[in-house]
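# Descriptive analysis of the structure
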Amino acid sequence: MIITCLMLISVLSISAQTDKKWYDNFKLSGYGMLQYQYQDPNEKEENSFNLRLLRMILDGKIGDWDWRAQIQGTNAKGPAEPTVQLVDLYTEWVKYRPARIRIGQFKRAFTFENPTHPITQGWYAYADVINRLSGFGDRAGEKSSGGRDIGIQLQGDLIKNAAGRELLHYQVGVYNGEGINRKDKDNRKDIIGGLWVMPIKGMRIGAFGWTGSHGQMLDSLGKQQSVPLNRYALSAEYDKNEFTFRAEYLHSQGLAAKSIGSNEIDYRKGTKADGWYVFGIVPVVKSKLHAKARYQCYRQSKNWASSKTMYEVGLNYFFNKNLEITTEYARVNDRTLAHHNYNFVDVELDFRF
């Protein structure tokens, strides 16, 4: 991946000499995230350094069309099994803000948290309920797709106030329903939409809906079938002057897989799951030090016997806008373990380029 990017930069440098206008509309950027974690579930201590991820991002513009290609390298499969994959590849017609059309592979139009970048999200990871019900390591068995899918989406901003600020946003998309880099398995498409209002600057209040299916799942007799999937989310956020507060509730109806990436149905988990989170990040020293706290809960069978709850606190320190260190401590209550309570610590060094 590095060699490919260096070759691309060389080609672009040559192209820049003959086509300056095109070069001005092209940007190469990215970021890396280095991680240390400690935890002691079931009274068994675990700690490790980890290469969380590397992102290489290419952005460009062709007339009224924006485009993006994004490659990710990570240890998603586990130690010594790194994965390098294309996570974003799309183009978007952006001539009119009330109606913009995006085509390709990109983030699903579901929840406020899903579209945020890992390096700006502020925590060691997205909330568990986002991971399990928004297409990361999904409850339905879909492999980790970073909340993305392949499809087409229409979105726009409407109703301006006297100051020219839009008050209403909508988005609706049609997707394969199988995650990234995968064709549709059952010829049925997922439809996902969201609508939110922005009554004051920095505030969003919205709702999302998702209806679709997950194809080629194996039932108890080993026969393939498509599993219906219906979800909704309720969301609220305030983000202004380095103060960020967000809360979301997600609900899912549909059968679950035995594990992430599996196509075997696990009937023991039932047909319903839900979860929620609420967090606040506030500046202690403006542009330098942020304090944070988060409460989150995910119930894989929509009952307390299957719940995992985390109470988290931490600090984020910014050396400058391109380099930061984040720290976090959590007390975890996981009802699915023999010993419900354990400790969790995460420290990360993140950089942009």
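A short tour of the structure in this document, coming up. Chains are numbered independently. Their residues run from 1 in the order of the written sequence. Reporting of local features is limited, given that this is a predicted model, to residues whose pLDDT is at least 70; pairs of side-chain atoms are given and counted only at 80 or more, and all residues count toward the totals for whole chains, interfaces and linings. Side-chain numbers come from the whole structure's heavy atoms, not from hydrogens or water.

This brings us to the packing of aromatic side chains. Side-chain rings of Phe, Tyr and Trp, where Trp is taken by its six-membered ring, are said to pair if the distance between their centres is within 6.5 Å; with planes under 30 degrees apart they count as stacked, over 60 as edge-to-face, and otherwise as tilted. Taken as a whole and assessed by the stated rule, the structure comprises 20 aromatic pairs. Summarising the aromatic geometry, the rings of Trp 276 and Trp 304 are spaced 6.0 Å apart at their centres and angled 75 degrees between planes, so their arrangement reads as edge-to-face. Linking Trp 276 in strand β14 (residues 272–285) with Trp 304 in the loop between β15 (289–299) and β16 (307–320), this pair joins segments that are 28 residues apart in sequence. Put simply, the rings of Phe 110, Phe 112, Trp 196, Phe 208 and Trp 210 touch in pairs and so form one group of aromatic residues. Remark: a charge is flagged as sitting over a ring if the NZ atom of Lys or the CZ atom of Arg is within 6 Å of the ring centre and within 35 degrees of the ring normal. Cation over ring: Arg 102 sits above Tyr 90, and NZ or CZ is 4.3 Å from the ring centre. Helix and strand labels come from DSSP, where a helix needs a run of H or I of at least four residues and a strand needs a run of E of at least two; each type is numbered from the N terminus.

Joining through side-chain atoms within 4.5 Å is the link that ties buried Ala, Val, Leu, Ile, Met, Phe, Trp, Tyr and Cys residues into a set, and such a set is a nonpolar core. Think of it in three bands: with a 1.4 Å probe and only protein chains considered, a residue is buried below 20% of the maximum accessible area for its type, exposed above 50%, and partly exposed in between. Ranked by size, the top nonpolar core spans 26 residues in total, and within it Phe 110, Val 129, Ile 130 and Leu 250 carry the most contacts. Of all the secondary-structure elements, those providing two or more residues to this core are α4 (128–133), β8 (190–197), β9 (203–218), β10 (224–240) and β14. When residues no more than four places from it in sequence are discounted, the contact partners of Phe 110 are Leu 133, Ser 134, Gln 171, Ile 192, Phe 208, Gly 209, Trp 210, Arg 231, Tyr 232, Ala 233 and Leu 250. Here, residues are in contact when the closest pair of their heavy atoms is within 4.5 Å.

For Thr 111, which is not a glycine, the phi torsion comes out positive at approximately 75 degrees. Its place among the elements puts Thr 111 in the loop between β5 (99–107) and α3 (118–121). Thr 111 gets classed as buried once you look at its relative accessible area, which sits at 2%. In this structure, Gln 216 takes a positive phi of about 55 degrees despite not being glycine. Taking the relative accessible area as the measure of exposure, Gln 216 reaches 33% and is therefore partly exposed.

We now examine the pattern of salt bridges. It is possible for side chains of opposite charge to pair when their charged atoms get near one another. Salt bridges are counted wherever a side-chain nitrogen of Lys or Arg sits within 4 Å of a carboxyl oxygen of Asp or Glu. The full count for this structure, using the stated rule, is 23 salt bridges. Here Asp 88 and Arg 148 are joined by a salt bridge, their closest N and O atoms 2.8 Å apart. You can see Asp 88 sitting in strand β4 (residues 83–96) and its partner Arg 148 sitting in strand β6 (residues 148–160), a full 60 residues away along the chain. Exposure remark for Arg 148: the relative accessible area of 3% places this residue in the buried category. A salt bridge links Glu 242 to Lys 286; the shortest N-O distance between them is 3.5 Å. Here Lys 286 lies in the loop between β14 and β15 and Glu 242 lies in the loop between β10 and β11 (243–253), a separation of 44 residues in the sequence. You can call Glu 242 partly exposed: its relative accessible area is 22%.

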